[in-house]
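# Working through the structure, step by step
The chain contents come next:
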Amino acid sequence: MSKVSVLFGGASFEHEISIVSAISLKKVLGDNIAHFLFLDGGHHLYLIPADKMQAKVFATGEYKQCKQLEWILGGLCYKGLFGSKRLTDVGVVLSLIHGGDGEDGVISSVLEFYKLPFIAPRVAACALSFNKILTKNYAAHIGVKTLPYEHYRYGDDVRCSFVYPFIVKPATLGSSIGVSVVEQQGDMEYALDSAFSYDREILIEPFYKGVREYNLAGYKNAQGELVFSMVEEPKKTELLSFDDKYLDFSRTTQAKQASIDKELESKLQEAFKRIYGDMFAGALIRCDFFVIDDEIYLNEINPIPGSMAHYLFEDFGSHIQALSQALPKSKPIKITYNYVQKIRAAKGK
């Protein structure tokens, strides 16, 4: 069985969540992880020994005593006594960088540029799923419903037409960061200040109390078939806070299958299939859905879900192995310089 190297951290508001996800995955995948690769807020990359995968190592800055890595074509290297040495057995890089640097496509670009095989959405998929407004446009194009919304930029005169309560959120970010429920006009100033402190763009949606919510993850295998996780119904609460999700990302136990009939499960899977398409090839994603009056609505796409949503799968290691065998391959471009040679010949040079 080939191993994966877990990449985590990043310059992101969700930096700490990424660390928690990586520690959680260590407990789940164990010896199937070749290396832990930590990207700090300054974009320095470190090789973290497995026995150092503890929260305090990162909180105290102890990680800076570990080997620092550099990107090279096809791999990674570090400084040795007699020059640079290549890091062996990197295998497939599994990106666990949430939010900025990870889900916005930056790391995917780096990994593609240096030709390292990786599990994560490719750049176009990151762009569509990282920005909630682009996600809604994508969903409308493929025939998946989303909630109505209003879009505002920093400095706009915000005049929301929705009746109370409604929800205000940054256009990017996850983990409920900067998200507020507005019950009355007096809540509006705080909600806008909170959302705009994280993003220059926000969206406002109606907020439905008591709505049914379901989470479904999946990926496409080497045969081109979609492999679905179980369907989870998150614990009932009006809005999952940052702390709720932070703790949720650290869990290592398996979730319970939601008590739903086969018809609803099939509808959720069909919506997921449309969303995943070919766009998310090479990634394991989780989609969060609302069910309102028996209609399914996409709430959000989690392109790099917390702890890779391992808790929704049985034998998660076998699924990572299957996905690592189904990564998209880019066609190499042959550089011939024919055009330059023609110009030289025409000029006699």
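Residues numbered from 1 in each chain as written. Predicted model: local features only at pLDDT ≥ 70, side-chain atom pairs only at ≥ 80, totals over all residues. Heavy atoms only, no water.

### Observations concerning the sheet that holds strand E13 (residues 212–220)
Taken in spatial order, the four strands make up an open sheet running E14-E13-E15-E16, and their pairing is antiparallel. Looking at the sheet topology across the chains shown, the edges are occupied by strand E14 (226–232) and strand E16 (295–302). Strand-to-strand, the axes of this sheet are offset by a mean angle of 25°, without reference to chain direction. Sheet topology places strand E15 (residues 285–292) next to E16; seven bridges connect them, and they run antiparallel. Counted as the bridge partner of isoleucine 292 is glutamate 295 from E16. (Pairing = 2+ DSSP bridges. Helix = DSSP H or I, 4+ residues; strand = E, 2+ residues; numbered from the N terminus. Axes fitted to C-alpha atoms, helices over the stretch in contact; angles between N-to-C directions.)

### Let's talk about the sheet that holds strand E2 (residues 33–39)
If you trace the eight strands from one edge of the open sheet to the other, you get E6-E5-E4-E3-E2-E1-E7-E8, paired in mixed fashion. Each of the sheet's edge strands pairs with one partner strand only, and the pair in question is strand E6 (83–86) and strand E8 (118–119). When strand E4 (residues 67–72) meets strand E5 (residues 75–80), the two strands line up antiparallel, connected through four bridges. By the bridge assignment for E5, glutamate 70 is matched with cysteine 77.

### Quick look at the nonpolar core
Core analysis: the biggest nonpolar cluster contains 64 residues, and Phe8, Ile48, Ile275 and Phe289 have the highest contact counts within it. Top contributing element to this core by residue count: helix H8 (residues 262–276), with six residues. When residues of this core are assigned to domains, at least three fall in each of domain 1 (4–126) and domain 3 (210–326). Non-local contacts of phenylalanine 289, meaning those with residues more than four positions away in its chain, are made with Arg212, Glu213, Tyr214, Leu216, Leu268, Ala271, Phe272, Ile275, Ile296, Tyr297, Leu298 and Asn299. Among the nonpolar cores identified, the runner-up in size contains 17 residues, and Leu7, Leu45, Leu47 and Phe118 belong to it. (Core = buried A, V, L, I, M, F, W, Y, C linked by side-chain atoms within 4.5 Å. Buried < 20%, exposed > 50% of the residue type's maximum accessible area, 1.4 Å probe, protein only. Domains from an automatic or database assignment. Contact = heavy atoms within 4.5 Å.)

### Structural notes on unusual backbone geometry
Omega for the bond connecting tyrosine 164 with proline 165 falls within 30 degrees of zero, at -5°, which places this linkage in the cis form. For proline 165, the location among the structural elements is in the loop between strand E9 (150–153) and strand E10 (166–170). Here lysine 115, not a glycine, exhibits a phi torsion of approximately 60°, which is positive. Note on placement: lysine 115 falls in the loop between helix H3 (106–113) and E8. Judged by relative accessible area, which is 59%, lysine 115 ranks as exposed. Despite not being glycine, alanine 309 has its phi angle at roughly 55°, a positive value. For alanine 309, a relative accessible area of 0% translates into the label buried.

### Notes on the pairing of strand E1 (residues 4–9)
Consecutive side chains along a regular strand alternate between the two faces of the sheet. With six of six residues buried, E1 lies mostly within the body of the structure. Across the two faces of E1 the burial is the same, with Val4, Val6 and Phe8 and Ser5, Leu7 and Gly9 all buried. Note that E1 and strand E7 (residues 92–95) share four bridges and pair parallel. Counted as the bridge partner of serine 5 is valine 93 from E7. Pairing of E1 with E2, which is carried by six bridges, proceeds in the parallel orientation. Within E2, the residue paired with valine 4 across the bridge is isoleucine 33. Each parallel crossover has a hand, and the one from E1 via helix H1 (residues 15–29) to E2 is right-handed. (Right-handed = clockwise from strand over helix to strand, strands pointing away.)

### A look at the packing of aromatic side chains
On inspection of all chains with the given rule, the structure shows 16 aromatic pairs. Between phenylalanine 58 and tyrosine 63, the aromatic rings sit 6.4 Å apart at their centres with planes inclined by 25°, giving stacked as the arrangement. Each member of the pair, phenylalanine 58 as well as tyrosine 63, carries the same accessibility label: buried. Here the aromatic residues Phe8, Phe38, Tyr46, Phe58 and Tyr63 are joined through ring pairs into a cluster of three or more. Between the NZ or CZ atom of lysine 67 and the centre of the ring of tyrosine 78, over which it lies, the distance is 4.2 Å. Taking the ring centre of phenylalanine 118 as reference, the NZ or CZ of arginine 122 above it sits at 3.7 Å. (Phe/Tyr/Trp six-rings, centres within 6.5 Å; stacked < 30°, edge-to-face > 60°. Lys NZ or Arg CZ within 6 Å of the ring centre and 35° of its normal.)

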